[in-house]
Amino acid sequence: MRVLHFYKTYYPDTWGGIEQVIRQLCVGTGRLGVRNEVLTLTRQPEPAELAFEGHQVHRVPLDFEIASTGFSVSAIRKLARLARQADVIHYHFPWPFMDLAHFLARVDKPSVVTYHSDIVRQKNLLRLYTPLKRGFLRSVDAIVATSPNYLASSPVLSRYQHKTHTITYGLDQAIYPEPSQATRDKWRARCGERFFLFVGVLRYYKGLHILLDAMASVDYPVVIVGAGPIEQELKAHAARLGLHHVQFVGALDEEDKVALLQLCYAMVFPSHLRSEAFGISLLEGAMYGKPMISSEIGTGTTYINIDQETGLVVPPNDPPAFGAAMRTLWEQPELAAAMGRRAAERYHALFTAERMAANYAALYHEVVAARAR
């Protein structure tokens, strides 16, 4: 079976949560006999084609952007050509240009949409986009919600429950690099023996201003991994608050990131808006057996992190509550360790890449069979 994934960004240009999911899907289903390809946009002209971890990546030029939505005329032609060779087209939502390209390329193959997130911020443009979005979601064969929490709380998905399946994200710890002792020693010397860790792109919905405001009353050691559009704004905010124990270490390679995941005391994940539909780095923390602090926003973050079991869940946009949760874990190491053990157990039970791949492979065969009938 041949599956074509279509998403706006991918390796090697970017490495966010959705890109990690596509990677894990391609590797996992590849072991089950699925031949995966990825079509994506790029700002770099070369290479146009590359092989990555057993799957082919097709890269077409990004022509322009409107409201963070990339457009590419050549992507429409490329999608039409690659779709003719594929058995299933796997779209990754949201990306309004993708909906348009689906119709302009006249794609008529079994299709699956992973619904990664509602569109939260662009209210005015959303009204213009809604007819296209609804037409696109009506036209596809199956929609996948990434957690039961998100399916229950999304007003968009409620319209398509008859063809929506729930398949949670999964990670394969075996494809993460094992840090050298020198790398671990380097980060231990820099960060100390106990510290909270955040990993992610520094975007508005990540709620890092809430974390910084919480630290004004506790000021425990916190390491922030990632870069993004509000990085300088966050650094200035930390300086205004006089925070002495927060380190912005920028975007890191996988070995350095894993070293910090292994060394950290607990994960902090203050995302406060529904744009945070799941939280891959939160799941990475669970995979490495770390207790977590997150906010209740009605999405997959609270499917990963169960309050009082794998960590603590607080109201969104509430710095005092977030700070109190940090204090609870910091002052009760036995409780934190027990929560970390339960987080790892929950990861192995629900969130492995093997489980995700098997569920998607079954869905691919289901939509192909249904279309044949």
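Residues numbered from 1 in each chain as written. Predicted model: local features only at pLDDT ≥ 70, side-chain atom pairs only at ≥ 80, totals over all residues. Heavy atoms only, no water.

## So, unusual backbone geometry
Here is step 1 of the chain: Residue Pro12 is bonded to the preceding Tyr11 through a cis peptide linkage, with omega at 5 degrees.
Here is step 2 of the chain: Omega for the peptide link from Phe93 to Pro94 comes to 15 degrees, which places this bond in the cis form.
Here is step 3 of the chain: Within the element layout of this structure, Pro94 appears in the loop between strand 7 (88-93) and helix 3 (96-104).
Here is step 4 of the chain: The residue Ala67 is not glycine, and still its phi comes out positive at about 50 degrees.
Here is step 5 of the chain: Mapped onto the fold, Ala67 is located in the loop between strand 5 (64-66) and strand 6 (69-71).
Here is step 6 of the chain: Here the phi dihedral of Gln308 falls at roughly 70 degrees; this positive angle occurs in a residue that is not glycine.
Here is step 7 of the chain: Looking at where Gln308 falls in the secondary structure, it is placed in the loop between helix 11 (301-304) and strand 16 (311-314). (Helix = DSSP H or I, 4+ residues; strand = E, 2+ residues; numbered from the N terminus.)

## Description of the domain arrangement of the chain
In many reports, interface size means the accessible area that the parts give up when they come together.
Here is step 1 of the chain: Along its sequence, the chain is carved into domain 1 (2-171 + 352-372) and domain 2 (173-351).
Here is step 2 of the chain: Relative placement of domain 1 and domain 2: their C-alpha centres are 28 Å apart.
Here is step 3 of the chain: If you look at the interface, domain 1 gives 26 residues, while domain 2 gives 23 residues.
Here is step 4 of the chain: Between domain 1 and domain 2, a total of about 2,100 Å² is buried, with carbon and sulfur atoms accounting for 59% of that surface.
Here is step 5 of the chain: It is Tyr169, Leu171 and Thr352 that lose the most area in domain 1 upon contact with domain 2, and together they represent 28% of the buried surface on that side.
Here is step 6 of the chain: Where domain 1 touches domain 2, the interface holds one salt bridge.
Here is step 7 of the chain: With a closest N to O distance of 2.9 Å, Arg274 and Asp118 form a salt bridge.
Here is step 8 of the chain: Linking domain 1 with domain 2 are eight residue pairs in polar contact (both at pLDDT 80 or more), by the criterion used here.
Here is step 9 of the chain: At the level of elements, helix 1 (17-30), helix 5 (148-153) and helix 14 (353-372) are the ones that each hand at least two residues to the side of domain 1 that touches domain 2.
Here is step 10 of the chain: Examining the composition of the side of domain 1 that touches domain 2, we find that five residues originate from one element, helix 1, more than from any other.
Here is step 11 of the chain: Residues of the side of domain 1 that touches domain 2, tallied by class, amount to eight nonpolar, 13 polar and five charged. (Domains from an automatic or database assignment. Contact = heavy atoms within 4.5 Å. Buried area = accessible area lost by both parts, 1.4 Å probe. Salt bridge = Lys/Arg side-chain N within 4 Å of Asp/Glu carboxyl O. Polar contact = N/O pair within 3.5 Å; in protein donor to acceptor, adjacent residues only side chain to side chain. Nonpolar A, V, L, I, M, F, W, Y, C, P; charged D, E, K, R; others polar.)

## Quick notes on the nonpolar core
Here is step 1 of the chain: Residues Val112, Phe196, Leu197, Leu212, Ile224 and Met326 are the most contacted members of the largest nonpolar core, which totals 78 residues.
Here is step 2 of the chain: With six residues, helix 7 (residues 208-218) is the largest single contributor of residues to this core.
Here is step 3 of the chain: For this core, the two domains that each supply at least three residues are domain 1 (2-171 + 352-372) and domain 2 (173-351).
Here is step 4 of the chain: Setting aside its immediate chain neighbours within four residues, Ile224 contacts Phe198, Leu202, Leu208, Leu212, Val246, Gln247, Phe248, Val249 and Gly250.
Here is step 5 of the chain: Judged by nonpolar contacts, the second largest core, of 37 residues, contains Leu4, Ala101, Leu126 and Ala277. (Core = buried A, V, L, I, M, F, W, Y, C linked by side-chain atoms within 4.5 Å. Buried < 20%, exposed > 50% of the residue type's maximum accessible area, 1.4 Å probe, protein only.)

## Section: the environment of Asp63
Here is step 1 of the chain: Residue position: Asp63 is located in the loop between strand 4 (55-61) and strand 5.
Here is step 2 of the chain: Each C-alpha atom, one on Asp63 and one on Leu350, is 40 Å from the other, the two residues being 287 residues apart in sequence.
Here is step 3 of the chain: The contact partners of Asp63, leaving out residues within four places of it in the chain, are Phe71, Ser72, Val73 and Ser74.

## Side note on the UniProt feature "domain: Glycosyl transferase family" (unreviewed entry) in the chain
Here is step 1 of the chain: Mapped onto the present numbering, the UniProt feature "domain: Glycosyl transferase family" (unreviewed entry) falls on residues 182-345.
Here is step 2 of the chain: Helix makes up 49% of residues 182-345 and strand 15%, with an end-to-end C-alpha separation of 29 Å. (UniProt positions renumbered as here; feature names shortened; annotations may be inferred.)

## Quick notes on helix 8 (residues 231-241)
Side chains of residues three or four places apart in an α-helix project in the same direction, reflecting 3.6 residues per turn.
Here is step 1 of the chain: Within helix 8, the full set of buried residues consists of Glu231, Leu234, His237 and Ala238. Considered in projection along helix 8, the buried side chains sweep an arc of 125 degrees and stay on one side of the axis. Residues of helix 8 that are exposed and angled more than 90 degrees away from the buried face: Gln232, Glu233, Ala239 and Arg240.
Here is step 2 of the chain: Tucked into the core, helix 8 has its buried residues touching helix 7 and strand 13 (246-250).
Here is step 3 of the chain: In the segment just after helix 8, Gly242 is the residue with positive phi, at about 70 degrees. (Arc of directions from axis to C-beta.)

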